[in-house]
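Here is what each chain is made of, one letter per residue.
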Amino acid sequence: MKKVLKITSSVFNAGTETGVSTQLSNGLLAGLRELANETGVQLDVVERDLALTAIPHLDPAWIQALTTQKQERTAEQVAMVQFSDTLIAEVQAADILLIAAPMYNFTVPSTLKAWIDHIARAGVTFKYTEYGPVGLLENKKVFLIVTSGGQHEEGVTDFVRPYLKTALGLLGLKDIEIISASGLNLGAGPRANALLEAEQATAAVLAGAAGLFADNESAEQLQGGAA
Ligand SMILES: Cc1cc2nc3c(=O)[nH]c(=O)nc-3n(C[C@H](O)[C@H](O)[C@H](O)COP(=O)(O)O)c2cc1C
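S.K.: Help me understand unusual backbone geometry in this model?
M.R.: Glycine aside, residues mostly have negative phi, and peptide bonds are mostly found in the trans state. Backbone geometry places N139, a non-glycine residue, at a positive phi of 55°. Mapped onto the elements of the fold, N139 is located in the loop between β5 (132-135) and β6 (141-148).

S.K.: Explain the nonpolar core to me, please; I cannot follow it from the model alone.
M.R.: Side chains that are nonpolar tend, in soluble globular proteins, to be buried together. Counting residues in each nonpolar core, the largest one holds 30 residues, and the members touching the most others are L97, I99, L112, W115 and L164. Looking at this core, the elements with two or more residues in it are β1 (2-8), α3 (75-93), β3 (96-102), α4 (110-119), β6 and α5 (161-170). With five residues, α4 is the largest single contributor of residues to this core. The residues touching W115, leaving out its near neighbours within four places in the chain, are L5, I7, L50, I55, L87, V91, L97 and I99.

S.K.: Mind showing me how you'd approach the sheet that holds β6 here?
M.R.: The pairing of strands in a sheet comes from backbone hydrogen bonds and takes either a parallel or an antiparallel form. Reading across the sheet, the five strands line up as β2-β1-β3-β6-β7 and stay open at both edges, with parallel pairing between neighbours. Both edges of this open sheet fall to β2 (43-49) and β7 (175-182), since each of them pairs with a single strand only. When the angles between neighbouring strand axes are averaged without regard to direction, this sheet yields 15°. Pairing of β3 with β6, which is carried by seven bridges, proceeds in the parallel orientation. Bridge pairing in β6 places L98 opposite F143.

S.K.: Got a minute to help me understand the packing of helix α2 (residues 60-67) against α3 in this structure?
M.R.: The packing of two helices is summarised by the inter-axis angle and the distance between the axes. Two numbers describe how α2 lies on α3: the axes approach to 9 Å, and their chain directions differ by 90°. On the basis of the axis angle, α2 is roughly perpendicular to α3. For the pair formed by α2 and α3, the contact residues are A61, W62, Q64, A65 and L66 on the first element and Q77, M80, V81 and S84 on the second. Per-class residue counts for the contact of α2 with α3 are six nonpolar, three polar and no charged.

S.K.: Whenever I open this one, the packing of aromatic side chains confuses me. Can you help?
M.R.: What characterises a pair of aromatic rings is the spacing of the ring centres plus the angle enclosed by the ring planes. Scanning the model with the defined rule gives one aromatic pair in all. Ring geometry for F126 versus Y128: centroids 5.2 Å apart, planes at 85°, classification edge-to-face. By relative accessible area, which is 63% here, Y128 ends up exposed.

S.K.: Mind showing me how you'd approach the site of the ligand here?
M.R.: In the vicinity of the ligand lie 17 residues, with S10, S21, Y104, G150 and H152 positioned nearest. Between an oxygen atom of the ligand and a main-chain N or O atom of V20, the distance comes to 2.8 Å. Here Y104 contributes a side-chain N or O atom positioned 2.7 Å from an oxygen atom of the ligand. Out of a free accessible area of 620 Å², the ligand has 79% covered by protein chains. Elements represented by at least two residues in the shell around the ligand include exactly α1 (20-38) and β6. Within the shell around the ligand, the residues separate by chemical class into seven nonpolar, ten polar and no charged.

Scoring rules and cut-offs
Residues numbered from 1 in each chain as written. Predicted model: local features only at pLDDT ≥ 70, side-chain atom pairs only at ≥ 80, totals over all residues. Heavy atoms only, no water. Helix = DSSP H or I, 4+ residues; strand = E, 2+ residues; numbered from the N terminus. Core = buried A, V, L, I, M, F, W, Y, C linked by side-chain atoms within 4.5 Å. Buried < 20%, exposed > 50% of the residue type's maximum accessible area, 1.4 Å probe, protein only. Contact = heavy atoms within 4.5 Å. Pairing = 2+ DSSP bridges. Axes fitted to C-alpha atoms, helices over the stretch in contact; angles between N-to-C directions. Parallel < 35°, antiparallel > 145°, perpendicular 65-115°, else oblique. Nonpolar A, V, L, I, M, F, W, Y, C, P; charged D, E, K, R; others polar. Phe/Tyr/Trp six-rings, centres within 6.5 Å; stacked < 30°, edge-to-face > 60°. Near = heavy atom within 4 Å. Polar contact = N/O pair within 3.5 Å; in protein donor to acceptor, adjacent residues only side chain to side chain. Areas by Shrake-Rupley, 256 points an atom, 1.4 Å probe, with all protein chains shown as cover.

Written out as structure tokens, the structure reads:
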């Protein structure tokens, strides 16, 4: 079995056209489901739409709750910490993360930043050492889907890719592949090109992703052989 955590954050949703990053992440997930089916691997998927389920910003009440001894927390504080713990547990459990990140005002949506604030917890998802911080989330594959109205890819105005690679890297999430759709609002031609390129990138990513399930298959066969 492989576990997938899919995070979407586009504000384009119910009542409007579904966000491009959401559409692309749906396409990638469908491809992963097919691969899993072909290899006889069960895919367990958790989906979180950060635009629909509010992720509270860290605030004084939250840090107070986290730093209060477990047995001394009020019911409200217990609930606050539990919410963060649930987000962390979802990441810890996942073998594969799909993170859809549209560019809003040059960076990720604030909801996605808030999610990262919750899952980056010292002593749990990374630790400080005398040599610097060390990530504690290991052996996970990350697919980032990055969309933008203009062209910014890895340039000085791109605060999406460098930020996500740095923030996720802190947690040990370093095996990252990026699917981009850039220039979506530059006119019909550039938009069509961007969507085509994203489709081709998705196909390339899926061609390489077969290995994610092949390992699982041979492990299951080995277990079967030993039984
Ligand atoms: C609030 C908001 C801010 C945006 N800021 C930027 C920006 O700074 N740079 C850019 O290239 N596009 C920007 N865009 C355009 C989006 O990146 C583009 O519409 C993209 O398709 C969004 O992905 P989505 O459809 O998955 O939401 C912005 C769009 C919105 C709604």
